[in-house]
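# Residue-level structural notes
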Amino acid sequence: MHLRDFFTPDAVGLDLVATTKAEAISACVDLLNVEPRTAATLFKVLRRREKVGSTGFGRGIAIPHCRSLVVARLRLAYGRFPAGIDFDAVDGQPVHHVFLITAPPHEVSNQYLPVLGRLAQFAKDPGVSQQLAALADPADFLTLLESMRA
């Protein structure tokens, strides 16, 4: 399994602006290009998940994730927020990189947890945050995933 297989260039935003965790999540949901009602439901479910505990992973990275009946398959998006956002991350630092994962409650391929784990593993690499910060366009993001065997 390679993370590259789950991302499309239109689900990658490199110069997003948000001042709050909620705005950042909303901006990443928008990258999924789903209908407004679906987006609103995903936003609500993701916000509820954040109340359970922050998905701010540390090292400037957050991985908000949820399961919902409003999506038919596993969907991922990546948003870069150059100014940083207070995401209540475990290390107390601002988040600049948000990886969003949504999936239906029951998926035939059962890839939700493996993808979440693979993203967490990718995010642990000490140089990833700097490499993500240096990306010029969505194609560079996809190439980074391929080069790191992510």
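All figures in this text were calculated on a predicted structure; none of them were measured in a lab.

Cut-offs applied
Throughout this description, residue numbers start from 1 for each chain and increase along the sequence as written. Predicted model: local features are reported for residues with pLDDT of at least 70 only, side-chain atom pairs are reported and counted for 80 or more only, and whole-chain, interface and lining totals are derived from all residues. Hydrogen atoms and water are omitted, and side-chain values are computed over all heavy atoms in the structure. Centre distance within 6.5 Å is the pairing criterion for rings of Phe, Tyr and Trp, where only the six-membered ring of Trp is used; planes under 30 degrees apart are then read as stacked, over 60 as edge-to-face, and the remainder as tilted. Helix numbers and strand numbers start at the N terminus; a helix is a DSSP run of H or I with at least 4 residues, a strand a run of E with at least 2. Three exposure classes are used, based on accessible area relative to the maximum for each residue type with a 1.4 Å probe and protein chains only: buried under 20%, partly exposed in between, and exposed over 50%. Here, a charge over a ring is recorded when the distance from Lys NZ or Arg CZ to the ring centre is within 6 Å and its angle to the ring normal is within 35 degrees. Should DSSP find at least two bridges between two strands, the strands are regarded as paired.

### Here we look at the packing of aromatic side chains
Going through the model one piece at a time under the given rule, you end up with 6 aromatic pairs. The interplanar angle of 40 degrees and the centroid separation of 4.9 Å between the aromatic rings of Tyr78 and Phe99 together place this pair among those described as tilted. Of the two residues, Tyr78 sits in strand E5 (residues 75-85) while Phe99 sits in strand E6 (residues 95-103), which places them 21 residues apart along the sequence. Each member of the pair, Tyr78 as well as Phe99, carries the same accessibility label: buried. Directly above the aromatic system of Phe87 lies the positively charged group of Lys21, at a separation of 5.2 Å from the ring centroid.

### What to know about the pairing of E6
The buried fraction of E6 amounts to 8 of the 9 residues, a majority that puts the element mostly inside the structure. In terms of strand pairing, strand E3 (residues 61-62) meets E6 through 2 bridges, oriented parallel. Paired with Ala62 across the strands is Val98, a residue of E6. In terms of strand pairing, strand E4 (residues 65-67) meets E6 through 3 bridges, oriented parallel. When the bridges of E6 are listed, His65 appears paired with Ile101. Relative to E6, E5 is paired through 7 bridges, and the arrangement is antiparallel. Residue pairing across strands places Tyr78 opposite Phe99, the latter belonging to E6.

Without other data, these values stay purely geometric and don't point to any function.
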